[in-house]
Amino acid sequence: MNIPKDHPARDMQDTFYVKPGIVLRTHTSPMQVRVMESQLPPVRIISPGSVYRCDQDVSHTPMFHQVEGLMVDKGVRFSDLKGILTVFIQEMFGRIRPYDSDRAIFLLPNPLLK
C-alpha cells in the first residue's frame, strides 16, 4: 500500500520479514488496491485472507484471518457495507450471536469498523 519505510506499520515488531524486501502479508488491504486498479466502479468486494504479525501478547497468535469489505459506487452508504458484511458473517458462522462492531479510528480512510 505504498507505506513509507519509516511508517509504524512497517515496524519490525509487527512484521515478519522473510528476508530483506520480502514480508509475510500483515493485512488484506492490498486486495482493495488491486481491485480498484483493475476495474472502474461500481466495486463490491469482500477480501478474506490469512495475515501474519509478530504480536508478543498471549491473547494474539502470529497468524490470523482478516476480512475486509469495500464498496465504491454512487449512492452507497456505510450502512450498505455493514449490512453486506453482516450477511457474510452470518453465512460463514451462522447466527451464533448478535453481530457487534466497534467504530475505530485508524490512520486509514474513515468511516471504518473493526
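What this report covers is the structure whose coordinates are included nearby. (Residues numbered from 1 in each chain as written. Predicted model: local features only at pLDDT ≥ 70, side-chain atom pairs only at ≥ 80, totals over all residues. Heavy atoms only, no water.)

## Structural notes on the overall build of the protein chain
Counting secondary structure elements, the protein chain contains two helices and four strands. The linear arrangement of helices and strands in the protein chain, starting from the amino end, is β-β-α-β-β-α. Looking at the protein chain as a whole, 20% of its 114 residues are labelled buried. Here the contacts in the protein chain between residues at least 6 apart in sequence split such that 44% fall between residues at least 24 apart. Carbon and sulfur atoms make up 58% of the accessible area of the protein chain, which totals about 8900 Å². (Helix = DSSP H or I, 4+ residues; strand = E, 2+ residues; numbered from the N terminus. Buried < 20%, exposed > 50% of the residue type's maximum accessible area, 1.4 Å probe, protein only. Contact = heavy atoms within 4.5 Å. Areas by Shrake-Rupley, 256 points an atom, 1.4 Å probe, with all protein chains shown as cover.)

## A short note on the pattern of salt bridges
In total, this model carries two salt bridges according to the counting rule given. Notably, a salt bridge pairs D73 with R44, separated by 2.9 Å at the nearest N-O pair. Placement of D73 in the loop between strand 4 (63–72) and helix 2 (78–93) and of R44 in strand 3 (residues 43–52) is noted, with a sequence separation of 29 residues between them. Between R77 and D80 there is a salt bridge; the shortest N-O distance is 3.3 Å. We classify R77 as exposed; its relative accessible area is 53%. (Salt bridge = Lys/Arg side-chain N within 4 Å of Asp/Glu carboxyl O.)

The values are spatial; any link to function lies outside them.
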